[in-house]
Amino acid sequence: QVQFVESGGGLVQPGGSLRLSCAASGSTLSINRMGWYRQAPGKQRELVASATSGGRTTAYADFVKGRFTIARDNAKNTVYLQMNSLKPEDTAVYYCYANTLAVTYWGQGTQVTVSS
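What you are looking at is a predicted structure, and each value in this text was computed from that prediction instead of being measured.

To continue, consider unusual backbone geometry. A positive phi angle, near 50°, is found at Asn77, a position not held by glycine. A positive phi angle, close to 50°, is found at Ser85, a residue other than glycine. Following the sequence through the fold, Ser85 ends up in the loop between β8 (78-83) and β9 (92-99).

This part covers the state of the cysteines. Using the criterion set out here, one finds one disulfide in the structure. Here Cys22 engages in a disulfide with Cys96; their sulfurs sit 2.0 Å apart. Every disulfide takes its handedness from the sign of the S-S torsion; for Cys22 and Cys96 that torsion is -80°, giving left-handed. One end of the pair, Cys22, is in strand β3 (residues 18-26); the other, Cys96, is in strand β9, and 74 residues separate them in sequence.

Definitions and limits used
- Residues numbered from 1 in each chain as written.
- Predicted model: local features only at pLDDT ≥ 70, side-chain atom pairs only at ≥ 80, totals over all residues.
- Heavy atoms only, no water.
- Helix = DSSP H or I, 4+ residues; strand = E, 2+ residues; numbered from the N terminus.
- Disulfide = S-S within 2.5 Å.

Here it is as structure tokens:
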């Protein structure tokens, strides 16, 4: 089992920045890829960004390229999402996740609201 502690969400004005953190504990040696999904009201959950062990390989959804940066610290079992130039359409609950060979684990989600 893997458990998460997510932090960093909140309310920010358009054009502002937030940094999300997700610290994993438990069976962390089995984790391959970690990252973030998001889900806005009335919409399906969508992948935002992911990173392999040590952050050597990263992937981003087109709608965040150039604005968001994912980083992973293996020593701390933590993944970060730096979000810049935020837009109102980025408003959603952001979920941390971790993949093993057998299962995907999910965090409880953190709300990000972009509004003036």
